[in-house]
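Residues per chain are reported as follows:
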There are 2 protein chains.
Amino acid sequence: MTDFPSFVHIAEVGPREGFQFEPPHIVTADKIRLINALSETGVPEIECASFVNPKVVPQMADVVQIAEGITKRQGVTYGCMWLNAKGFLQARDSGLTTPALTSGSASDTFLQRNNNRTPEEQIKGQRDLRALYSENGLGSGPIYLFTAFGCNYEGEIPVEKALQRCAELVQVCEEAGTPPANITLCDTIGAADPMQVRALVSAVREKWDYPVALHLHDTRGLGIANVMAGLELGVARFDASVGGLGGCPFAGHKSAAGNVATEEVALLCDRLGIATGIDIPALIEAARLAEEIVRHPLTSKLAHAGTFNRHP
Amino acid sequence: MTDFPSFVHIAEVGPREGFQFEPPHIVTADKIRLINALSETGVPEIECASFVNPKVVPQMADVVQIAEGITKRQGVTYGCMWLNAKGFLQARDSGLTTPALTSGSASDTFLQRNNNRTPEEQIKGQRDLRALYSENGLGSGPIYLFTAFGCNYEGEIPVEKALQRCAELVQVCEEAGTPPANITLCDTIGAADPMQVRALVSAVREKWDYPVALHLHDTRGLGIANVMAGLELGVARFDASVGGLGGCPFAGHKSAAGNVATEEVALLCDRLGIATGIDIPALIEAARLAEEIVRHPLTSKLAHAGTFNRHP
């Protein structure tokens, strides 16, 4: 009836998603403090920052200082993101890990409005980036398919459409001799429900043998049910954000929720007997630190309530 | 693979759960305003108040004024709760609907600490109440089994233990010639996970033919995944609270989450093709009114983000 994985890899994306979304009042020392605290919780991977234009995203202007300032703990991957070749080259030189990221959008309208690109331009850009990765010695990396389930312009995205855009990205990777390390389906605006997660994950699985990962936003409160749907299909890699850090610039409400909260995903896994390597009470402490740093309540319920002792 | 019901009855318990939990600053007119707003959203049932000792729960001192002040809309059931014969008699005279409630706790320690009763005293009290209901012409009513999945003193409650305490309550109802209208399994402190929900719902189903209902708290963020688990087993009756009103006095943190949010349960049902009769945008407006009335942010994510237009 269920096909739970025995271990789930949870990538902590709170610093990148959160610091990008918050007003630019957060000092670099606090960002470093949070990343260092997260390093002590057992999360295997932390996405620390985005290498983007600081004129457009002033919150990320201190990304080099962050990369230099954190205390790297052995066994933890300190990753980052970028949108173009310039960003990648800065990231490469930062000392952070650079997964060879190939990305696109299932919604063409979202791509146009958000990145000002046509699907063809996006694929060409990704092909160029993939060549640059290979020149720099990077092998296989993840595919990120944004708005995989729906977008605020086009509404629900049909499975066939998501598969088509995904296939183009798979081809970019395969052509370069670097087949994707995984296919990460992103619910960028929190549009998905559990049946949609099942349908798209199953369809991707049927078409390719690459591992499927999920990057789920909890914008409308269905996030953890969507995680559960993924776990039941054996999905073993999730992005999540401590305390639910981050928000949704597309929701038209500043207090809209961000990613699923890392500690709630870890709790669900723990309750289902799935290992994550995460120390949940330590992660709850990190969520409370994040809340202190951003100076407003975060959406994680577990961070507020604390754990429940099943065997007192 | 799934056994979704075609219609789900969602009972709105926000006024009772919320006004009971909030500090006693909320004026009666605001309580009435919220109940009236909820009446316009299509929810079929609203639990308005508890008939309890106002010296112990001063928030409920105005329950008679609430019952008299609301504008009753046809087709909506305006219910209430009580804990003993005195409360029931007041409720009976209030004009609110009095479902013949038989209740108990799966956790004996919780019963002792919270109600100062042994399991035997609880059953005797329920038998007396059940006789009083019959004297007052009330037929079958629901069973509420509190702490059905776990409690903060005993931890996780084994299925066998929950079944045993449930069987005693079933017997009280059956003996009186009024078999239970449903068995409501309550996750009083937000201890459950989806596999536990499946296990207990299935076990209750195997033992009795009475409909199973779920009253789920979202204390640790797993609430909506637990709702999903219930829906997949065909559970067709849920309690929920607008905006996530209410909290958890047992969580040791004043901002711990309350019940699953009604609008999020309604959204999940809607996305799964299950009818609820609820106008989700109207309910979101009611959640925002509730937030205004309690003067602090509520935990519902959907209420903050708004709906997603699948077919723009």
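To start, this report covers the structure provided alongside it. This one's a predicted model, so the numbers in the text were calculated from it and none came from an experiment.

What counts, and at which threshold
Residues numbered from 1 in each chain as written. Chains lettered and ligands numbered in written order. Predicted model: local features only at pLDDT ≥ 70, side-chain atom pairs only at ≥ 80, totals over all residues. Heavy atoms only, no water. Least-squares fit on C-alpha atoms with pLDDT ≥ 70 in both. Contact = heavy atoms within 4.5 Å. Axes fitted to C-alpha atoms, helices over the stretch in contact; angles between N-to-C directions. Helix = DSSP H or I, 4+ residues; strand = E, 2+ residues; numbered from the N terminus. Parallel < 35°, antiparallel > 145°, perpendicular 65-115°, else oblique. Nonpolar A, V, L, I, M, F, W, Y, C, P; charged D, E, K, R; others polar. Expected span 1.5 Å × (residues − 1). Buried < 20%, exposed > 50% of the residue type's maximum accessible area, 1.4 Å probe, protein only. 1 Å grid on protein atoms, 1.4 Å probe; cavity = no way out; pocket = protein on both sides within 12 Å on 5 of 7 lines; lining within 4 Å. Points joined across faces, edges and corners; volume = space filled by probe spheres on them. Buried area = accessible area lost by both parts, 1.4 Å probe. Salt bridge = Lys/Arg side-chain N within 4 Å of Asp/Glu carboxyl O. Polar contact = N/O pair within 3.5 Å; in protein donor to acceptor, adjacent residues only side chain to side chain. Phe/Tyr/Trp six-rings, centres within 6.5 Å; stacked < 30°, edge-to-face > 60°. Lys NZ or Arg CZ within 6 Å of the ring centre and 35° of its normal. Left-handed = near helix turned anticlockwise from the far one by under 90°. Pairing = 2+ DSSP bridges.

At an RMSD of 0.0 Å, chain A and chain B line up after a rotation of 180° and a shift of 0.0 Å along the axis. Interpreted geometrically, this transformation is the action of a two-fold axis. Considering only C-alpha atoms, the residue of chain A closest to the rotation axis is Ala 225 of chain A, which sits at 2.1 Å. In this assembly, 100% of the residues forming the interface of chain A have copies in chain B that are likewise at the interface, indicating an isologous arrangement.

Residues and elements named next belong to chain A. Look at helix α2 (residues 28-39) against helix α11 (residues 280-294): their axes get within 9 Å of each other, and the N-to-C directions meet at 170°. What the angle tells us is that α2 and α11 run roughly antiparallel. Residues Asp 30, Arg 33, Leu 34, Ala 37 and Leu 38 of α2 form the contact with α11, whose own contacting residues are Leu 283, Ala 286, Leu 289, Ala 290, Glu 292 and Ile 293. Of the residues contributing to the contact of α2 with α11, the split by class is 8 nonpolar, no polar and 3 charged.

Okay, α11 of chain A next. Because each turn of an α-helix spans 3.6 residues, side chains separated by three or four positions end up pointing in the same direction. All names here are of chain A. With 15 residues, α11 ought to run about 21 Å at 1.5 Å a step, and its terminal C-alpha atoms sit 21 Å apart, in line with that. Along α11, the residues classified as buried are Ile 280, Leu 283, Ile 284, Ala 286, Ala 287, Leu 289, Ala 290, Glu 291, Ile 293 and Val 294. Taken together, the buried residues of α11 touch α2, α10 (262-271) and α12 (301-305). Phi turns positive one or two residues past the end of α11, at Arg 295, with a value near 65°.

Before going further, it helps to examine unusual backbone geometry. Glycine aside, residues mostly have negative phi, and peptide bonds are mostly found in the trans state. In this model, Thr 147 of chain A sits at a positive phi of 45°, which is unusual for a non-glycine residue. Although it is not a glycine, Arg 295 of chain B adopts a positive phi angle of roughly 65°. Summarising the element assignment, Arg 295 of chain B is placed in the loop between α11 (280-294) and α12 (301-305). Arg 295 of chain B gets classed as exposed once you look at its relative accessible area, which sits at 64%.

Take helix α6 (residues 119-135) of chain A next. Residues and elements named next belong to chain A. Taking 1.5 Å per residue, 17 residues should reach 24 Å; α6 reaches 24 Å between its end C-alpha atoms and fits that length. All of the buried residues along α6 are Pro 119, Gln 122, Ile 123, Gln 126, Leu 129, Arg 130, Leu 132 and Tyr 133. Against the buried residues of α6 lie β3 (77-82), α4 (85-92), β4 (102-105), α5 (108-115) and α7 (159-175). The positive-phi residue at the C-terminal boundary of α6 is Gly 137, with phi of around 80°.

Quick look at the layout of surface pockets now. Volume-wise, the largest pocket comes out at about 1300 Å³. Taken together, 46 residues line the largest pocket, and the ones lying closest to its centre are Gln 20, Ser 50, Val 52, Leu 83 and Asn 114 of chain B. Of the residues belonging to the lining of the largest pocket, the class tally is 24 nonpolar, 18 polar and 4 charged. Estimates place the volume of the second largest pocket at around 1100 Å³. Lining the second largest pocket are 35 residues, with Arg 16, Gln 20, Ser 50, Val 52 and Leu 83 of chain A sitting closest to its centre. Those elements giving two or more residues to the lining of the second largest pocket turn out to be α1 (14-21), β2 (45-51), α3 (63-69), β3, α4 and α5 of chain A. Counted by class, the lining of the second largest pocket contains 18 nonpolar, 13 polar and 4 charged residues.

On the side of chain B, 50 residues touch chain A, which itself brings 50 residues to the contact. For the pair chain A and chain B, the two sides together bury roughly 3800 Å², of which 61% comes from carbon and sulfur. Considering only the surface of chain A that becomes buried against chain B, Arg 220, Lys 301 and Phe 308 of chain A emerge as the three largest contributors, covering 20% of it. Seen at the junction of chain A and chain B, the total is 8 salt bridges. Across the salt bridge formed by Arg 310 of chain A and Glu 156 of chain B, the nearest N and O atoms sit 2.8 Å from each other. Connecting chain A to chain B are 14 residue pairs in polar contact (both at pLDDT 80 or more). At the level of elements, β6 (150-151), β7 (155-156), α8 (194-207), α9 (223-232), α10 and α12 of chain A are the ones that each hand at least two residues to the side of chain A that touches chain B. Its residues placed into classes, the side of chain A that touches chain B shows 23 nonpolar, 15 polar and 12 charged.

In this section: the packing of aromatic side chains. Within this structure, the stated rule accounts for 8 aromatic pairs over all chains. Ring centres of Trp 82 of chain A and Tyr 133 of chain A lie 6.0 Å apart, and the angle between their planes is 75°; this geometry places the pair in the edge-to-face category. Note that Trp 82 of chain A is positioned in strand β3 and Tyr 133 of chain A in helix α6, a separation of 51 residues in sequence. Residue Trp 82 of chain A shares its accessibility class with Tyr 133 of chain A, and that shared class is buried. A connected cluster of aromatic rings, assembled from ring pairs, spans Trp 82, Phe 88 and Tyr 133 of chain A. Above the face of the Trp 208 of chain B ring, Lys 207 of chain B is positioned so that its terminal group lies 5.5 Å from the ring centre.

Residues and elements named next belong to chain B. For the pair helix α6 (residues 119-135) and helix α7 (residues 159-175), the least separation of the axes is 9 Å and the interaxial angle reads 25°. As the angle between them shows, α6 and α7 are arranged roughly parallel. Between α6 and α7 lies a crossing of right-handed hand. Residues Pro 119, Ile 123, Gln 126, Arg 127 and Arg 130 of α6 touch α7, and the partners they reach there are Arg 165, Glu 168, Leu 169, Val 172 and Glu 175. For the contact of α6 with α7, a count of residues per class yields 4 nonpolar, 1 polar and 5 charged.

Glancing now at the sheet that holds strand β1 (residues 9-12) of chain A. All names here are of chain A. Pairing is parallel across the open sheet formed by 8 strands, whose spatial order is β3-β2-β1-β10-β9-β8-β5-β4. Two strands bound the open sheet, and with one partner strand each, they are β3 and β4. Each strand axis lies, on average, 25° off the axis of its neighbour in the sheet, ignoring direction. Direction of pairing for β4 relative to strand β5 (residues 142-146): parallel, over a ladder of 4 bridges. Looking across to β5, one finds that Ser 105 is bridged to Phe 146. Sitting on the sheet, α4 is in contact with β2 and β3, with an inclination near 160° to β3. Contacting β3 and β4, α6 runs over the sheet at an angle of about 170° to β4.

For the rest of this paragraph, the subject is the environment of Ala 100 of chain B. Residue and element names in this part refer to chain B. By secondary structure assignment, the location of Ala 100 is in the loop between α4 (85-92) and β4 (102-105). The exposure class of Ala 100 is buried, given its relative accessible area of 3%. On a C-alpha basis, the gap between Ala 100 and Asn 152 in space is 28 Å, while along the polypeptide they are 52 residues apart. In this view, Ala 100 contacts Arg 130, Tyr 133, Leu 138, Gly 139, Ser 140, Gly 141 and Pro 142; residues no more than four positions away in its chain are not counted.

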